[in-house]
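Okay, here's what each chain looks like letter by letter:
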Amino acid sequence: MASKEWLVRSGGRLLGPFDINVIEDMLRSKELVVFDEVAQPMSRWRYIRDDEHFIKIVEELRTAEMSGGETMTQTETVRDNTVTQTASSEFDIDEMTAEISSISESSEIVYEDIDESLDRIASQATPMSKQASSSFGVVSEETMKNEVEKSTKSIWIVTALVILGVVGFFGYKNLYVKPKIKKAAAEVDLSKANRAMVVGDDARALSLLKSALEVDPANEQILLELGIRLIQIEGQTVQGRRYLQKIVNGLYSKQAHVGIGIADLMDGSVDSAIDLFRKVLAQEPTYVDAHINWGVAELEKQNFGGAALHFRDAFANRTSEGVAYLLYANSLIAQWQKSKSNSYLQQAVQTLDQFISRSRDYRQEALLLKIFTLAKLNQMRNVPTQILAFLNTDPNLTADHRHNIFIDRRRVKWSLLTHRCQVVSDLLNTNSMAKGMNAICLLKAGESAKALATIDEALMQEGDHPLLLVNYAHILFELGQVGEAQVAVRKAVETNLKMQNRFSLPNIVDARLREVMDDFKGAQSAWQRALAADAKSIQAQAGLARTFLRNRNLTQAQNTINSALKTDSTYSPLLELREQLKELNRK
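Residues numbered from 1 in each chain as written. Predicted model: local features only at pLDDT ≥ 70, side-chain atom pairs only at ≥ 80, totals over all residues. Heavy atoms only, no water.

1. Re the overall build of the protein chain
Looking only at helices and strands, one finds 28 helices and 4 strands in the protein chain. When burial is assessed residue by residue, the protein chain has 47% of its 587 residues classed as buried. Taking as baseline every contact in the protein chain between residues at least 6 positions apart, the subset at least 24 positions apart corresponds to 57%. Just so you have it, the protein chain exposes about 29,100 Å², and 50% of that area is on carbon and sulfur atoms. (Helix = DSSP H or I, 4+ residues; strand = E, 2+ residues; numbered from the N terminus. Buried < 20%, exposed > 50% of the residue type's maximum accessible area, 1.4 Å probe, protein only. Contact = heavy atoms within 4.5 Å. Areas by Shrake-Rupley, 256 points an atom, 1.4 Å probe, with all protein chains shown as cover.)

Dropping the structure here:
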């Protein structure tokens, strides 16, 4: 046994850890005696003479002692039979201590307190026995009995005090300290989750809310926000519904009912979802989220007229939700497909025009629906201009906005919109811009290989157009081909400058790539060019604000952020910058 796993208690000292060979050598050199005690980690103390690991050395010492004619003195016998034996054999104080140590990380302190108490008692008792031995040669039986009883009472008192102290400490720690620490931890996670929700980072919020719920499982806000994100982000309708069911009669009753309704929609229980939305609107007829989701439910049932009514109710209550306009346009297009009445398409174009003129969120999706609708109205002369607007729109724009998590958005996913791109591309099969638009649609639908092949075809027709080049660069960047993307975007910037900086997107993509490469000075110039091309570019305003923050020009950053938020209050990069500025101001 070579590992150092033995502790030794000798003369009131705690020694070690030693390996067994060292202890045997110390016994031979009389640094230790067989009445000293040893213990392995988390085990009880034993006399060396009684531990099976030391049988051989004890026998060796006994044989040597007998051959030398030496015998143990009466004093040793007394010591053996009194305090030490009482402390270790009758009451197993150290065994109790070892059991306590397996429960608490403060075991070492408790362990040493007991040992010090025993040593103090032993030091008080031993001189009495020595005095009796020197005066009378032996200790009387009555004196010995009194001595043992006195020592025993002292040990029990000390043991009781120690155990009461340990129990009290654990009680204080478990009943007061730990709950307080857990509550504080939950509050920290919830605070971080709220910050993530403010800036629209729902994935990070979901992770933090899971941690917060572990330490505060009855918190209604955590149950609400976690439940709806499990449903919307991870598709965990069963678990998300279970959390929301816990709070349907609490502070967040309306939100919980709407969230459960969305879970029902996702699970195909459309009528059940409608019942929940109806219940909410009976309590609050202007509740926009319930109107929009009810409209989605009617689309699922192919009741397009009923869906349109609910979307119009949302507009009447001044909703700013872009998804409501897209869904309304889809319901009108669906009604046209049934009735072939162009009035529905004309109404759809008017709705989309109003939305595009004042919103950047869902801008590219709205432009696609408008292009498709114009094509179905045979207004092809207006289509090329709208395709240029589509290609000059930042492909990240929708994803970079914070969205209301309590609205079912599945019907405006690109996987369902892409076929409209294909329809227009087929109508304009020789048009390079239409192919470029179709390439972006394919990329957003997750078909990156087809997207790259399609944009290549467009470039073969018109290889120096800045919008085709910059969208080609965007596709390359999304595929991880950063070097090739940089080459393409620089060419796009050059050709765009020859056209008097007509388009903003080449500058936006150029600035982002430069930031990725830590070329912040070049990025600042690109953001300024983007702003020159489009004075309302929310991306350029956010980019310049980021530059000001990096240079610690807090006043200019604050002014830029405030001005931009008046234009678009849900653009996530701006919201993130605002939070960063708050932290810097607090410091």
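2. Considering the sheet that holds strand β1 (residues 6-10)
If you walk across this open sheet you meet the 4 strands as β2-β1-β3-β4, and the pairing is antiparallel. Each edge of the open sheet carries a strand with a single partner, namely β2 (13-18) and β4 (46-47). As paired strands, β1 and strand β3 (residues 37-39) are joined by 3 bridges and run antiparallel to one another. Residue pairing for β3: valine 8 is matched across the bridge by valine 38. Across the sheet, helix α1 (residues 20-28) touches β1, β2 and β3, and the angle it forms with β2 is around 130°. (Pairing = 2+ DSSP bridges. Axes fitted to C-alpha atoms, helices over the stretch in contact; angles between N-to-C directions.)

3. A few points about the nonpolar core
Residues Ile387, Phe390 and Met437 are the most contacted members of the largest nonpolar core, which totals 139 residues. In terms of residue count, helix α15 (residues 322-339) provides more of this core than any other element does, 11 residues in total. In this structure, phenylalanine 390 is in contact with Gln364, Leu367, Leu368, Ile371, Trp414, Met437, Ile440 and Cys441, ignoring residues within four places of it in sequence. If you look at the next biggest cluster of nonpolar residues, it comprises 15 residues, including Leu15, Leu32, Phe35 and Phe54. (Core = buried A, V, L, I, M, F, W, Y, C linked by side-chain atoms within 4.5 Å.)

4. Thoughts on the packing of aromatic side chains
Considering all chains together, one arrives at 5 aromatic pairs under this definition. Aromatic pair phenylalanine 315 and tyrosine 325: ring centres 4.3 Å apart, planes at 20°, arrangement stacked. Highlighted residues: phenylalanine 315 in helix α14 (residues 304-316) and tyrosine 325 in helix α15, separated in sequence by 10 residues. Ring centres 6.5 Å apart and planes at 75° place the aromatic pair phenylalanine 390 and tryptophan 414 in the edge-to-face group. In this pair, phenylalanine 390 sits in helix α18 (residues 383-391) while tryptophan 414 sits in helix α19 (residues 414-427), placing the two residues 24 residues apart along the sequence. Since its relative accessible area comes to 0%, phenylalanine 390 is described here as buried. (Phe/Tyr/Trp six-rings, centres within 6.5 Å; stacked < 30°, edge-to-face > 60°.)

5. Regarding the state of the cysteines
Taken as a whole and judged by the stated rule, the model has 1 disulfide. Note on cysteine connectivity: cysteine 421 is disulfide-linked to cysteine 441, with sulfurs 1.7 Å apart. Of this pair, cysteine 421 sits in helix α19 while cysteine 441 sits in helix α20 (residues 432-444), and the two are 20 residues apart along the sequence. As far as burial versus exposure is concerned, cysteine 421 and cysteine 441 are alike and both buried. (Disulfide = S-S within 2.5 Å.)

6. Observations concerning the side chain of aspartate 202
Structurally, aspartate 202 can be placed in helix α8 (residues 202-215). By relative accessible area, which is 16% here, aspartate 202 ends up buried. Every residue in contact with aspartate 202, bar those within four places of it in the chain, is listed here: Arg229, Ile233 and Ile405.

7. Description of unusual backbone geometry
Look at the link from glycine 16 to proline 17: it is a cis peptide, with omega at 5°. Inspection of the secondary structure puts proline 17 in strand β2. Positive phi, normally seen in glycine, also occurs at lysine 340, with a value near 60°. The exposed category is assigned to lysine 340, whose relative accessible area is 55%. Not every positive phi belongs to a glycine, and arginine 552 is a case in point at roughly 60°. Taking relative accessible area as the criterion, arginine 552 reaches 56% and is therefore assigned exposed.

8. Quick word on the environment of glycine 446
Topologically, glycine 446 is positioned in the loop between α20 and α21 (448-461). Taking relative accessible area as the criterion, glycine 446 reaches 58% and is therefore assigned exposed. Sequence separation of glycine 446 and tryptophan 414 is 32 residues, and the distance between their C-alpha atoms is 8.7 Å.

9. As for the side chain of histidine 474
Relative to the elements of secondary structure, histidine 474 occurs in helix α22 (residues 466-478). Of the residues examined, histidine 474 reaches a relative accessible area of 9% and is grouped as buried. In this structure histidine 474 touches Pro395, Asn396, Ile440 and Leu443, once residues within four positions along its chain are discounted.

10. Let's talk about the pattern of salt bridges
Following the criterion strictly, the structure yields 28 salt bridges and no others. Among the salt bridges present, the one from aspartate 50 reaches arginine 49, with a minimum N-O distance of 3.5 Å. Put simply, glutamate 284 and lysine 254 hold a salt bridge, and the shortest N to O gap is 3.4 Å. Of the two residues, glutamate 284 is situated in the loop between α12 (270-283) and α13 (288-300) and lysine 254 in helix α11 (residues 253-266); the sequence distance between them amounts to 30 residues. Its relative accessible area of 27% is what places glutamate 284 among the partly exposed residues. (Salt bridge = Lys/Arg side-chain N within 4 Å of Asp/Glu carboxyl O.)

11. What to know about α22
In this model, α22 (13 residues) spans 18 Å end to end at C-alpha, consistent with the 18 Å of a helix rising 1.5 Å per residue. The buried fraction of α22 is high, at 10 of 13 residues. Residues of α22 that are buried include every one of Pro466, Leu467, Leu468, Leu469, Val470, Asn471, Ala473, His474, Ile475 and Leu476, and no others. In the core, the buried residues of α22 are packed alongside α18, α20, α21, α23 (482-498) and α24 (505-516). (Expected span 1.5 Å × (residues − 1).)

12. Quick word on the packing of α12 against α13
Packing of α12 against α13 leaves a shortest axis separation of 9 Å and a crossing angle of 155°. Classified by the angle their axes make, α12 and α13 are roughly antiparallel. Relative to α13, the crossing made by α12 is left-handed. For the pair α12 and α13, the contacting residues are Val270, Ile274, Phe277, Arg278, Val280 and Leu281 in the first and Ala290, His291, Asn293, Trp294, Ala297, Glu298 and Glu300 in the second. Tallied by class, residues from the contact of α12 with α13 come to 8 nonpolar, 2 polar and 3 charged. (Parallel < 35°, antiparallel > 145°, perpendicular 65-115°, else oblique. Left-handed = near helix turned anticlockwise from the far one by under 90°. Nonpolar A, V, L, I, M, F, W, Y, C, P; charged D, E, K, R; others polar.)

13. Looking at helix α27 (residues 554-567)
In this model, α27 (14 residues) spans 20 Å end to end at C-alpha, consistent with the 20 Å of a helix rising 1.5 Å per residue. Restricting attention to buried positions, one finds in α27 the residues Ala557, Thr560, Ile561, Ala564 and Leu565. Seen from one end, α27 has its buried residues packed into an arc of 130°, which puts them on one side. Turned more than 90 degrees off the buried face of α27, the exposed positions are Thr555 and Lys566. Elements that come into contact with the buried residues of α27 comprise α26 (538-550) and α28 (572-586). (Arc of directions from axis to C-beta.)

Scope: geometric values only; no functional claims are made or implied.
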